[in-house]
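Spelled out from the first residue to the last, the chains are:
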Amino acid sequence: TLTEALAHRKKLIAVPRSHSGCEQIIRAEAVARVYDGIWVLPEHKLSTEAIGQALRSGLAAPPPRLEIEMSGNARLVELLRNEVQHARR
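This one's a predicted model, so the numbers in the text were calculated from it and none came from an experiment.

**Description of the overall build of the chain**
So, point 1. Along the chain, the regular secondary structure elements total 4 helices and 2 strands.
So, point 2. Secondary structure elements of the chain occur, N-terminal to C-terminal, as α-β-α-β-α-α.
So, point 3. At 18 Å, the chain has a C-alpha radius of gyration far larger than the 12 Å of a compact globule built from 89 residues.
So, point 4. Viewed in the frame of its principal axes, the chain has a C-alpha envelope of about 65 × 35 × 20 Å.
So, point 5. Scored against the burial criterion, the 89 residues of the chain give a buried share of 21%.
So, point 6. For the chain, long-range pairs separated by at least 24 residues make up 70% of all intrachain contacts whose partners lie at least 6 apart in sequence.
So, point 7. Split by element, the accessible area of the chain, about 6900 Å² in all, is 56% carbon and sulfur.

And the structure:
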C-alpha cells in the first residue's frame, strides 16, 4: 500500500505495526524524511486527537512534491537484458 501511494504521489497517514518488531516504523519514518505526503502515527501514539490532527494536516497540505520512481523491477529486467545482449557480442 505504501509503495502504491508513493508511486501515485498520494497523501497518506501511515500507522505502522509495532507488535512484530519495529521494522515498519523504521521504514515509515525513513520515507517521511524524504516524502512530504506522509504522516506517521506509531501505534503507541494512536489516539482520536492524533488521527484528527494528521487528517487536518493532510487535507491542508499541498500535493506531495516528490515523485518517487517505483519501477525497480522493470529497470532490473532492462539492465539484465542489456547485459545478456552485451555478453552475446
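Structure's up, so let's keep going.
**Some thoughts on the nonpolar core**
So, point 1. Ala 5, Leu 6, Leu 12, Ala 14, Val 31, Tyr 35 and Ile 38 form the largest nonpolar core, which has 7 residues in total.
So, point 2. Listed by contribution, the elements that provide at least two residues to this core are helix H1 (2-7) and strand S1 (12-14).
So, point 3. Look past the residues within four positions of Ala 5 in its chain and what remains in contact with it is Lys 10, Leu 12 and Tyr 35.

**Some points on the environment of Arg 33**
So, point 1. In this fold, Arg 33 is placed in helix H2 (residues 23-34).
So, point 2. With relative accessibility at 66%, the residue Arg 33 sits in the exposed group.
So, point 3. Distance in space between the C-alpha atoms of Arg 33 and Ile 68 is 13 Å, their sequence separation being 35 residues.

**Comments concerning helix H3 (residues 48-60)**
So, point 1. For H3, with 13 residues, the first-to-last C-alpha span of 18 Å sits near the 18 Å given by 1.5 Å per residue.
So, point 2. Burial in H3 covers these residues: Ala 50, Gly 52, Ala 54 and Gly 58.
So, point 3. On its buried face, H3 sits against S1 and strand S2 (38-40).

Each value, and the rule that gives it
- Residues numbered from 1 in each chain as written.
- Predicted model: local features only at pLDDT ≥ 70, side-chain atom pairs only at ≥ 80, totals over all residues.
- Heavy atoms only, no water.
- Helix = DSSP H or I, 4+ residues; strand = E, 2+ residues; numbered from the N terminus.
- Rg over C-alpha atoms; globule rule 2.2 N^0.38 Å.
- Buried < 20%, exposed > 50% of the residue type's maximum accessible area, 1.4 Å probe, protein only.
- Contact = heavy atoms within 4.5 Å.
- Areas by Shrake-Rupley, 256 points an atom, 1.4 Å probe, with all protein chains shown as cover.
- Core = buried A, V, L, I, M, F, W, Y, C linked by side-chain atoms within 4.5 Å.
- Expected span 1.5 Å × (residues − 1).

These values are about where atoms sit, not about what they do.
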